[in-house]
Amino acid sequence: MSKKSAIVVGAGIVGLATARALSLKGYIVTVIERSEKALGASIRNFGMIWPVGQPDGTLYNRALRSKMIWKDIADSIGLWYDETGSSHVAYYEDEWQVLQEVHNIFLDCERPVQLMNNGIITGKFNGVNPDGLMGGLYSDTEMVIEPREAMTSIPIYLNEYLDVQFIWGKTVTAVESGKVYMNKDEVEADIIFICSGADFETLYREEFSSTEITKCKLQMMRFKTSDEDFNIGTSLCGGLSLIHYNSFTAAPSLPKLRERYQQDMAEYLQWGIHVMVAQNSKGELAVGDSHEYGLTFDPFDQAFINNLITNYLQQFALTDNWQLIQTWNGIYSN
Ligand SMILES: Cc1cc2nc3c(=O)[nH]c(=O)nc-3n(C[C@H](O)[C@H](O)[C@H](O)COP(=O)(O)OP(=O)(O)OC[C@H]3O[C@@H](n4cnc5c(N)ncnc54)[C@H](O)[C@@H]3O)c2cc1C
């Protein structure tokens with residue numbers, strides 16, 4: 001029996017994951033990407049593989065499986081990754097209370113987490129601000145990859161190991177049953193997957209506008225430090241991340257914490273800011289982020305948002321010798 005063919009539109013991480021899955025199922029796969037390399041959300045992110053943020057059950061299990069696949073591929077091709085785990089740190093009684101509750105809930109679900117007092121955290125990880133630190137929750141399941149490296153290497157891996165073909169620099173302008181058009185060019189396939197990220201305008205515009213899917217714009221920064229050997233040793237998050245991820249909603253004290261943030265940090269909540277740090281193999285530190293929702297965004301980064309992020313960062317990280325080297329934004333579908 002001849003093999004079935006598949007086309008995947010978009011070479012972001014969703015397109016690449018789809019291409020891998022189809023190829024493993026025996027399809028002959030072609031990925032079509034409008035740019036010469038994928039420049040969407042997947043190359044702009046922290047590179048955090050983040051099971052701790054997922055609620056128990058299907059989503060958490062899927063996140064663990066995703067991590068396993070990342071490790072498999074990275075080991076096959078020598079892609080850098082670091083199993084840093086994650087540390088959420090508390091500087092206020094109410095944050096510490098939520099972390100303790102989350103710790104108990106996670107332990108009941110057999111998640112590999114540890115509650116650490118301030119001395120243990122500052123002894124184990126570098127660059128955590130000891131002033132006012134009450135403690136933190138360490139989770140063992142998180143890891144970091146370098147998105148700029150991954151988005152170049154994974155297509156090469158898919159091509160060399162799984163014979164996935166890539167057409168770069170061509171926009172898919174229309175799709176009909178069994179056929180995609182790139183202006184006048186057309187390609188046929190048995191099955192077509194649209195993995196076009198936050199582009200709701202080029203393909204299936206009406207269908208996208210009739211769903212509740214929207215877009216989210218995030219502002220990010222990258223720092224380097226003057227100390228070449230500086231290794232933070234974990235992915236670090238401040239208290240605001242507790243109200244960002246669904247996995248923490250199980251904590252009974254979370255609504256009270258959110259209320260306090262709403263009163264004391266309204267501007268942070270208005271711009272969807274929570275602050276996380278991920279370090280790459282060169283020692284650079286990706287820091288973000290904000291969350292603005294809508295279908296159309298101001299294309300410019302707002303300095304005041306980056307200031308809010310860095311002010312909050314200084315509450316929990318020692319940043320004296322950090323130097324800002326890049327700022328950018330990214331948009332993903334939500
Ligand atoms: C700043 C930021 C930080 C983030 N941090 C993390 C993180 O640390 N961990 C995490 O898990 N998630 C993170 N996310 C979310 C994650 O990056 C996205 O969910 C993910 O990258 C979406 O992948 P995608 O393939 O759907 O989209 P994209 O990466 O945007 O890819 C879509 C691709 O489709 C192509 N395309 C679109 N239309 C067409 C067309 N008609 N023809 C041909 N090609 C087309 C585009 O050119 C693009 O390359 C972050 C997101 C952002 C923006």
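Rules behind the numbers
Along each chain, residue indices are assigned from 1 in the same order as the chain's sequence is written. Only residues with pLDDT of at least 70 get local features here, since the model is predicted, and only at 80 or more are side-chain atom pairs given and counted; chain-wide, interface and lining totals rely on the full set of residues. Hydrogen atoms and water are omitted, and side-chain values are computed over all heavy atoms in the structure. Here a helix means four or more residues in a row that DSSP labels H or I, a strand means two or more in a row labelled E, and each is numbered from the N terminus. We compute the radius of gyration over the C-alpha atoms and compare it with the globule rule, which gives 2.2 Å times the number of residues raised to the power 0.38. In this scheme, a residue with accessible area under 20% of its type's maximum is buried, one over 50% is exposed, and one in between is partly exposed, where area comes from a 1.4 Å probe on protein chains only. Here, two residues are considered to be in contact whenever any of their heavy atoms come within 4.5 Å of each other. Among the buried residues, those of types Ala, Val, Leu, Ile, Met, Phe, Trp, Tyr and Cys that are joined through side-chain atoms within 4.5 Å form a nonpolar core. Two strands pair if DSSP finds at least two bridges between them. Only the stretch in contact is used when a helix axis is fitted, and all axes are lines through C-alpha atoms; the angle between N-to-C directions ranges over 0 to 180 degrees. Nearness of a residue to a molecule or strand requires only that one of the residue's heavy atoms be within 4 Å of it. Nitrogen and oxygen atoms within 3.5 Å of one another constitute a polar contact, given that in protein one can donate a hydrogen and the other can accept it, and given that sequence-neighbouring residues count only through two side-chain atoms. What sets the accessible areas is the Shrake-Rupley method with a 1.4 Å probe; for residues, cover comes only from the shown protein chains. Side-chain classes follow a simple rule in which Ala, Val, Leu, Ile, Met, Phe, Trp, Tyr, Cys and Pro form the nonpolar group, Asp, Glu, Lys and Arg form the charged group, and the remainder, Gly included, forms the polar group.

**Brief notes about the overall build of the chain**
Broken down by element type, the chain carries ten helices and 19 strands. Since a compact globule built from 334 residues should have a radius of gyration of about 20 Å, the 21 Å found for the chain is in line with a globular shape. Seen along its three principal axes, the alpha-carbon backbone of the chain occupies a region of about 65 × 40 × 40 Å. The buried share of the chain, reckoned over its 334 residues, is 49%. Taking all contacts inside the chain whose residues are at least 6 apart in sequence as the whole, residues at least 24 apart take part in 75%.

**A closer look at the nonpolar core**
In this structure, Val277, Phe316 and Trp322 are the most contacted members of the largest nonpolar core, which totals 56 residues. Judged by nonpolar contacts, the second largest core, of 27 residues, contains Ala19, Tyr27, Ile73 and Tyr157.

**A look at the sheet that holds strand S4 (residues 81-82)**
A sheet is described by the order of its strands in space; here three strands give the open sequence S3-S8-S4, paired in antiparallel fashion. Of all the strands in the sheet, the pair left with one neighbour each is strand S3 (48-49) and S4. In this sheet, strand S8 (residues 143-145) lies alongside S3 in antiparallel orientation, the contact comprising two bridges. Across the sheet, the residue bridging to Met48 is Val144, located in S8. Packed on one face of the sheet, helix H3 (residues 58-77) meets S3, S4 and S8 and runs near 45° to S8.

**Notes on the site of the ligand**
Around the ligand lies a shell of 31 residues, among which Glu33, Ser42, Asn45, Met48 and Val172 are the nearest. Contact distances for the ligand include 3.0 Å between an oxygen atom and a side-chain N or O atom of Arg34. Within the side chain of Asn45, a nitrogen or oxygen atom sits 2.9 Å from an oxygen atom of the ligand. Protein burial of the ligand: of its 1,000 Å² of free accessible surface, 85% is covered by the chains. Elements with a contribution of two residues or more to the shell around the ligand: helix H1 (13-24), strand S2 (28-33), helix H2 (41-44), strand S14 (215-225) and strand S19 (322-333). The residue inventory of the shell around the ligand, partitioned by class, reads 15 nonpolar, eleven polar and five charged.

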